[in-house]
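# Architecture at a glance
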Amino acid sequence: VSKQILEQVLRELQPLCTMEQQFVEEFFQLSQDPADPQVLEVSVGTIAPSHLIPYFFFSKRLAEPTIQLLSEIFSCLEPELKAFLEVCNKVHPFSCLQVLVTLSDSVFKMWGSSSALPSSFLNTVLGNMLLLAKSSFNKCIGTLCKEIEEVKVPSKMKGGILPSVSRFEEFVNFSEEVFRTARRRGELDKAHLRLAGSVFSSINSLSSASLKVNTDMVMMENFHHVHCFLCQKKIQCLEGTKKEAKQRCSEHMEKYITQYLGQPLEKLNHFFEGVKARLAQGVKEEEVSFQLAYSKQELRKVIEKYPGKEVKRALETLYRKIHKYLSPEENLLPVVWHAMEHEFLHQYQEFEDLIQRCYAGSGITMDFTMEDLLSYFNSITRSN
């Protein structure tokens, strides 16, 4: 509503101010000759800083007497417009976006209109209003960035999308709709990049938060959500952000899987980690089995604790744990479980390789094979 009213105000102001300026210049025979000593040059720099110059292209100069007369006639115009813009900005937290788009579009339309003076008093006034609108927009973005970075994570949070990510999503959806028909979106692109940086900062801060759930899981889900959202929006300036979100999601998924990978075969995993440590220390492969803690007898004891049925049961328990904490909205369970299967099979192959290298000729084998593991994973996937 405020956008429509502002557009109406600007539409009605243009012919009024243009006709009044023409009358004043013609009736009082005021000079617009740039060589006239009475002419005051309206510098672009006095109206807008260099980064706003595209908004103003004053090809002519406005005479000092004209400025004085119009300033007196329209003495209340600028204060009233300022007050109106303040009201617009209070209507909605993001109203400053609509004000910025409406004002900038109005200036461009005015320059494209044959009825508008190429250098007018109204242009100067609207230039000042556009500066105010840009200032309000920047303050809004600064406040929103701070809000996103400082948002507190609920102490009882059990996963899911963070409030900061939802806030970013809300702003992007709203702003893209507002700027959908805008002639320029440079300011919005810069705002998007600032906000994206704040969102990443907010997600990264979780690493120091005392969550009741796995931190990497929450970070993985939120980066995944940001990536999927940006894939849908297709915003050119955020292509780099989208790629980074995907990379960060993969990194935290890898950490998450690594943390849970050893659980189904915990003691076996611990045993072979010790074997690898001895090899790293320079112990020869054929001498590992002579280490008391890593003898053939100790290996058999550990393997006996993991018959095929127990391994399958442990994998089912792991699946339920992952399922419990992953958000169904993100649908990451199949992806995480498939990655878990891949890493688990890789781990099994590593164990087999260490047995062949360090316990050659012992006849020691695990109670389950690679085919058994594939069968366990397929069974769990089909039944859930």
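First, a word on what this report is: a plain description of the structure on this page. Because the structure is a prediction, the values reported are computed rather than measured.

Looking now at the packing of helix α11 (residues 266-280) against helix α14 (residues 333-358). Running from N to C, α11 and α14 cross one another at 55 degrees; their axes reach a closest spacing of 11 Å. It follows from the interaxial angle that α11 and α14 lie oblique. The chirality of how α11 crosses α14 is left-handed. Counting all contacts with α11, which are made through L268, N269, F272, V275, K276 and L279, the residues of α14 involved are Q347, E350, F351, L354, I355, R357 and C358.

Take the pattern of salt bridges next. One pass over the full model with this rule turns up 15 salt bridges. Of the charged contacts, one joins E251 and R248 as a salt bridge, the two residues approaching to 3.4 Å between their closest N and O atoms. Of this pair, E251 and R248 are both found in helix α10 (residues 239-261), three residues apart, which corresponds to roughly one turn of the helix. R357 serves as the salt-bridge partner of D353, at 3.0 Å between the closest nitrogen and oxygen. Residue D353 and its partner R357 are both found in helix α14; the two are separated by four residues, about one turn of the helix. Look at D353 and you get partly exposed, because its relative accessible area is 34%. Here R357 falls in the partly exposed class, since its relative accessible area comes to 33%.

Counting residues in each nonpolar core, the largest one holds 109 residues, and the members touching the most others are F168 and V275. The residues contacting F168, other than those within four sequence positions of it, are I148, H192, L195, A196, V199, F229, L230 and L238.

The interhelical angle for the contact between helix α13 (residues 308-325) and helix α15 (residues 370-382), taken along N-to-C directions, is 40 degrees, at an axis separation of 10 Å. With respect to α15, the element α13 is oriented oblique. Handedness of the α13/α15 crossing: right-handed. Across the interface between the two elements, G308, K309, V311, K312, L315, E316 and Y319 from α13 touch L373, Y376, F377, S379 and I380 from α15. Across the contact of α13 with α15, the residue classes break down as seven nonpolar, two polar and three charged.

Moving on to helix α12 (residues 296-304). Along α12, the positions that sit buried rather than exposed are L299, V302 and I303. Buried residues in α12, looked at end-on, bunch into an arc of 100 degrees, giving them a common side. Turned more than 90 degrees off the buried face of α12, the exposed positions are Q297 and E304. Here the buried face of α12 lies against α11 and α14.

How each quantity is defined
Residues numbered from 1 in each chain as written. Predicted model: local features only at pLDDT ≥ 70, side-chain atom pairs only at ≥ 80, totals over all residues. Heavy atoms only, no water. Axes fitted to C-alpha atoms, helices over the stretch in contact; angles between N-to-C directions. Helix = DSSP H or I, 4+ residues; strand = E, 2+ residues; numbered from the N terminus. Parallel < 35°, antiparallel > 145°, perpendicular 65-115°, else oblique. Left-handed = near helix turned anticlockwise from the far one by under 90°. Contact = heavy atoms within 4.5 Å. Salt bridge = Lys/Arg side-chain N within 4 Å of Asp/Glu carboxyl O. Buried < 20%, exposed > 50% of the residue type's maximum accessible area, 1.4 Å probe, protein only. Core = buried A, V, L, I, M, F, W, Y, C linked by side-chain atoms within 4.5 Å. Nonpolar A, V, L, I, M, F, W, Y, C, P; charged D, E, K, R; others polar. Arc of directions from axis to C-beta.

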